[in-house]
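Remarks on the overall topology
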Amino acid sequence: MQNKLNYKDLTLMAAKKENGWLKYLNRNKKKLEAMDLKIHSLHEEISERTDCLQCANCCRTLGPRITQKDVEKMARALRLKTGDVITRYLRIDEDDDMVFREMPCPFLGPDNYCDIYESRPKACREYPHTDRKKFFQIYKLSVKNAYTCPIVYEVLEGIQEL
Ligand code: SF4
Ligand code: SF4
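Residues numbered from 1 in each chain as written. Chains lettered and ligands numbered in written order. Predicted model: local features only at pLDDT ≥ 70, side-chain atom pairs only at ≥ 80, totals over all residues.

Considering the overall build of the chain
Rule in force here: The helix count covers DSSP runs of H or I at least four residues long, the strand count covers runs of E at least two residues long, and both are numbered beginning at the N terminus. Each radius of gyration reported is based on C-alpha atoms, and the globular scaling rule is 2.2 Å times the count of residues to the power 0.38. Neighbour density around each residue's C-beta defines its exposure: 20 or more other C-beta atoms within 10 Å make it buried, 12 or fewer make it exposed, and counts between make it partly exposed, where C-beta atoms are placed from the backbone. The contact criterion used is a C-beta to C-beta distance within 7 Å, with each C-beta placed from the backbone.
Looking only at helices and strands, the chain has 9 helices and 2 strands in total. When the helices and strands of the chain are placed in sequence order, the string is α-α-α-α-α-α-β-β-α-α-α. Taken over the C-alpha trace, the chain has a radius of gyration of 17 Å; the compact-globule value for 162 residues is 15 Å, and the two agree within 12%. Overall, the C-alpha framework of the chain stretches about 50 × 30 × 25 Å when taken along its three principal axes. Across the 162 residues that make up the chain, the buried fraction comes to 24%. Residue pairs in contact within the chain that sit at least 24 positions apart in sequence constitute 69% of those at least 6 positions apart.

See below:
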């Protein structure tokens, strides 16, 4: 079954759900702590039927945090010096993190493919984090991410049924 969510309506849909998701967290903190395995299978099932190439919301709107290791990897892929990668593409944000100078990401192609896919930053590879250990620790952050990511939206909806 393909993901039938209309990615463009996601912000409105998530705004309607936010209170319910947060209430669930308040009532089920202990239960959530023991639910990683079930949440990870939801993540697998939903990710498999979601076409990120039809979406690319994360590459358009969220600025991934970029590490020095990421810069080195990108520099090799782009055949640039690390200093040139930083000058051309990156800036330091208000939290002192390295992020892309602007979004949408400079490496997002018109077809929604990533130009540096094999060498993309770790934060890009790990997004949307719904398969990470101790998911309950990022439940609140995921409620925010559900405004832009259909996978997160569906995982949160799925959790309410577990
Ligand atoms: S926002 Fe979520 S569904 Fe959309 S491209 Fe990113 S990871 Fe895929
Ligand atoms: S580097 Fe690639 S995966 Fe990461 S935000 Fe840019 S286009 Fe998306």
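Thoughts on the site of ligand 1
Rule in force here: By definition, a residue lies near a molecule or strand provided its backbone-derived C-beta atom is within 6 Å of it. In the scheme used here, Gly and all other residues not listed as nonpolar or charged are polar, with Ala, Val, Leu, Ile, Met, Phe, Trp, Tyr, Cys and Pro taken as nonpolar and Asp, Glu, Lys and Arg as charged.
Contacts to ligand 1 come from T50, C52, C55, A56, N57, C58, Y127, P128, T148, C149, P150 and I151. Only helix 4 (57-61) and helix 9 (150-161) provide two or more residues apiece to the shell around ligand 1. Tallied by class, residues from the shell around ligand 1 come to 9 nonpolar, 3 polar and no charged.

Considerations on the environment of M13
Here M13 is to be found in helix 1 (residues 10-27). For the pair M13 and C58, spaced 45 residues apart in sequence, the C-alpha separation works out to 17 Å.

Side note on the domain arrangement of the chain
Threshold: Either an automatic procedure or a domain database provided the assignment from which the domain bounds are taken.
Here the chain is partitioned into domain 1 (7-59 + 128-161) and domain 2 (63-122). On a C-alpha basis, the centres of domain 1 and domain 2 stand 26 Å from each other.

Here's the deal with the site of ligand 2
All residues adjacent to ligand 2 are C59, P64, C105, F107, L108, C114, I116, R120, P121 and C124. Grouping the amino acids of the shell around ligand 2 by side-chain chemistry returns 9 nonpolar, no polar and 1 charged.

Here we look at helix 3 (residues 36-48)
The criterion, for reference: Given a helix with a known number of residues, its expected span is that number minus one, times 1.5 Å. This arc describes the spread of directions from the helix axis toward the C-beta atoms.
For helix 3, spanning 13 residues, the distance from its first C-alpha to its last is 18 Å, which sits close to the expected 18 Å at 1.5 Å a residue. Three or more residues of helix 3 are buried, namely I39, L42, H43 and I46. Angularly, the buried residues of helix 3 cover 105° about the axis, an arc narrow enough to put them on a single face. In helix 3, the exposed positions angled more than 90 degrees off the buried face are occupied by L37, E44 and E48. Each element contacted by the buried residues of helix 3 is listed here: helix 9.

What to know about the nonpolar core
Where we set the bar: Each nonpolar core reported here comprises buried Ala, Val, Leu, Ile, Met, Phe, Trp, Tyr and Cys residues connected via C-beta atoms within 7 Å.
Of all hydrophobic cores here, the largest spans 25 residues; its most connected members are A146, C149, V152, Y153, V155 and L156. The set of elements that each furnish at least two residues to this core consists of helix 3, helix 4, helix 6 (82-89), strand 2 (98-100) and helix 9. A total of 6 residues in this core trace back to one element, the largest contributor, which is helix 9. When near neighbours in sequence (up to four residues on either side) are disregarded, C149 contacts N57, C58 and P128.

A word on helix 9
The end-to-end C-alpha distance of helix 9 is 17 Å, a good match for the 16 Å that 12 residues give at a rise of 1.5 Å each. Along helix 9, the residues classified as buried are P150, I151, V152, Y153, E154, V155, L156 and I159. Along its buried surface, helix 9 packs onto helix 1, helix 3 and helix 8 (139-145).

Quick look at the packing of helix 3 against helix 9
Put simply, the rule reads: Where helices are involved, their axes are fitted lines through C-alpha atoms of the stretch in contact, as for all axes, and angles between N-to-C directions lie from 0 to 180°. In these notes the angle categories are as follows: under 35 degrees is roughly parallel, over 145 is roughly antiparallel, 65 to 115 is roughly perpendicular, and the rest is oblique. In a left-handed crossing the near helix is turned counterclockwise from the far helix by less than a right angle, and in a right-handed crossing that turn is clockwise.
Where helix 3 contacts helix 9, the two axes come as close as 9 Å, and the packing angle between them is 135°. Classified by the interaxial angle, the pair formed by helix 3 and helix 9 is oblique. Viewed along their axes, helix 3 and helix 9 form a crossing whose handedness is right-handed. Between helix 3, through I39, L42, H43, I46 and S47, and helix 9, the contact on the second element is made entirely by I151, E154, V155, G158 and I159.

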